[in-house]
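Breakdown of the fold
Below, each chain spelled out in residue letters.
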Amino acid sequence: MSEQPAPADHARQQLEPAAADAVRAYAARTRENADQFAAVLEDLATNGLPSVEDCAPWEELREARLARLAAQRPAVA
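The text that follows walks through the structure, step by step, so that each part is easy to find. (Residues numbered from 1 in each chain as written. Predicted model: local features only at pLDDT ≥ 70, side-chain atom pairs only at ≥ 80, totals over all residues. Heavy atoms only, no water.)

Regarding the overall build of the chain
We apply this condition: Runs of H or I in DSSP of at least four residues are treated as helices and runs of E of at least two as strands, each being numbered from the N terminus. Working definition: with a 1.4 Å probe on protein chains only, accessible area under 20% of the residue-type maximum means buried, over 50% means exposed, and in between means partly exposed. Areas reported as accessible are Shrake-Rupley estimates using a 1.4 Å probe. Residue values count occlusion only from the protein chains shown.
Helix and strand counts for the chain come out as 2 helices and 0 strands. Counting only residues that meet the buried cut, the chain has 1% of its 77 residues in that class. Accessible area of the chain: about 7,700 Å², with a carbon and sulfur share of 59%.

With respect to helix α1 (residues 17-47)
Heads up, the rule is: Helix span, as expected, comes to 1.5 Å for every residue beyond the first.
Given a rise of 1.5 Å per residue, 31 residues ought to cover 45 Å, and the 45 Å separating the end C-alpha atoms of α1 matches this to within 8%. Glycine 48, located one to two residues past α1, shows a positive phi value of around 80°.

Here's the deal with the pattern of salt bridges
Selection rule: Any carboxyl oxygen of Asp or Glu that lies within 4 Å of a side-chain nitrogen of Lys or Arg is treated as forming a salt bridge with it.
Within the structure shown, the criterion is met by 2 salt bridges. Taking the shortest distance from any N to any O, the salt bridge between aspartate 21 and arginine 24 comes out at 3.3 Å. Pair noted here: aspartate 21 and arginine 24 are both in helix α1, with a separation of 3 residues, about one helical turn. On the basis of relative accessible area, aspartate 21 is assigned to the partly exposed category, the value being 48%.

As structure tokens, this is what we get:
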């Protein structure tokens, strides 16, 4: 992003306090996720890829995630 200030004739609209808090919370979650991803990449760079025996097939991971999502959904009548 540019470091230049906004032109004076275009005033910025301030967010409501609740909206500003929500944006800050989203930024914090995004930053945390990026830090976790960076840590995984740094581990891979340092230690290499894990052995196949230590990995779970993506199909199993997908099915487990879908099951967790289905469990969170309210039952349909």
